[in-house]
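# A closer look at the structure
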Amino acid sequence: MNAKLNKCSWIIHLFAVAHIISSWAMGKCGLNDEILLSLLTISMIVAVTQLYRLPLEVSAALAVLCCFAGYYLGTLGGKWLTSSGIEFLISYSNEITTFVVTEILGWAAALISARRK
């Protein structure tokens, strides 16, 4: 595995864990997590795209797109897990969804960044 891909992997996985912790903590406090998760998503996308040396305006545009996609996928995934009828999935639907969506968005940004010429 090359060094850049290894760094990218660490960035994405650490932000996914940060998303889980933030979602869980905000849920325990009874607060909405949308703003905090959006800020974490923006930070992750900028970190990934800067690793591949994309221009900052491209990073910002991709980060905004990923925030919209993350909100949509997170809401859709949460509803799907909640309707599954499995107690564990219902109890941790926010945390599971935010982890999966963060990984998807991070790797999508990495793929877009790596393929840019």
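As shown above, the structure is provided for reference.
Heads up: these notes are all about the structure in this document. Position numbers for residues count from 1 along each chain, tracking the sequence in the order it is written. Selection of residues for local features in this predicted model requires a pLDDT of at least 70, selection of side-chain atom pairs for listing and counting requires 80 or more, and totals for whole chains, interfaces and linings are taken over all residues. Computation of side-chain values covers all heavy atoms of the structure but excludes hydrogens and water.

### Topic: the overall build of the protein
What counts, and what does not: Secondary structure elements follow DSSP: runs of H or I of four or more residues count as helices, runs of E of two or more count as strands, with numbering from the N terminus. Throughout this description, buried means an accessible area under 20% of the type-specific maximum (1.4 Å probe, protein chains only), exposed means over 50%, and partly exposed covers the range between. We call two residues in contact when some of their heavy atoms are within 4.5 Å. Using a 1.4 Å probe, accessible areas were evaluated by the Shrake-Rupley method; residue-level cover was limited to the displayed protein chains. We treat Lys and Arg as the positive residues and Asp and Glu as the negative residues; His and chain ends play no part in the count. To locate a charge, the coordinates of NZ of Lys, CZ of Arg, CG of Asp or CD of Glu are taken.
In terms of regular secondary structure, the protein is built from 5 helices and 0 strands. Counting helices and strands in the order they occur from the N terminus, the protein gives α-α-α-α-α. With the C-alpha coordinates aligned to their principal axes, the bounding extent of the protein is approximately 45 × 30 × 20 Å. Residue burial in the protein is summarised as follows: out of 117 residues, 36% are buried. When contacts within the protein are restricted to residue pairs at least 6 apart in sequence, those whose partners lie at least 24 apart make up 67%. When the accessible surface of the protein is summed, it comes to about 7,400 Å², and 69% of that surface belongs to carbon and sulfur atoms. Between the centroid of the 8 positive side chains of the protein and the centroid of its 6 negative side chains there is a distance of 18 Å.

### Examining the nonpolar core
Quick reminder of the rule: Here, the term nonpolar core denotes a set of buried Ala, Val, Leu, Ile, Met, Phe, Trp, Tyr and Cys residues that are joined through side-chain atoms within 4.5 Å.
Grouped together as the largest cluster of nonpolar side chains are 19 residues, with contacts concentrated most on Cys-8, Ile-11, Met-44, Ile-45 and Val-48. Breaking this core down by element, the ones donating at least two residues are helix 1 (3-29), helix 2 (34-51), helix 3 (56-82) and helix 5 (93-115). With 6 residues, helix 2 is the largest single contributor of residues to this core.

### Focus on the state of the cysteines
Test applied: Defined by distance alone, a disulfide is two cysteine sulfur atoms within 2.5 Å.
Evaluated as defined, the whole model comprises 0 disulfides. Here Cys-67 is not cross-linked by a disulfide; its sulfur's nearest cysteine counterpart is in Cys-66, at 7.4 Å. The class of Cys-67 is buried, set by a relative accessible area of 17%.

### Things to note about the layout of surface pockets
For the record, the criterion: Cavity means a closed set of points on a 1 Å grid over the protein atoms alone, one where a 1.4 Å probe fits but cannot get out, pocket means an open set with protein on both sides within 12 Å along at least 5 of 7 lines, and lining means a residue has an atom within 4 Å of a point. Grid points are joined across faces, edges and corners, and a volume is the space filled by probe spheres set on the points.
Approximately 580 Å³ is the volume found for the largest pocket. Forming the walls of the largest pocket are 27 residues, and the residues nearest its centre are Asp-33, Glu-34, Leu-37, Tyr-71 and Gly-74. Secondary structure elements with two or more residues in the lining of the largest pocket: helix 1, helix 2, helix 3 and helix 5. By residue number, the principal contributor to the lining of the largest pocket is helix 3, which donates 9 residues.

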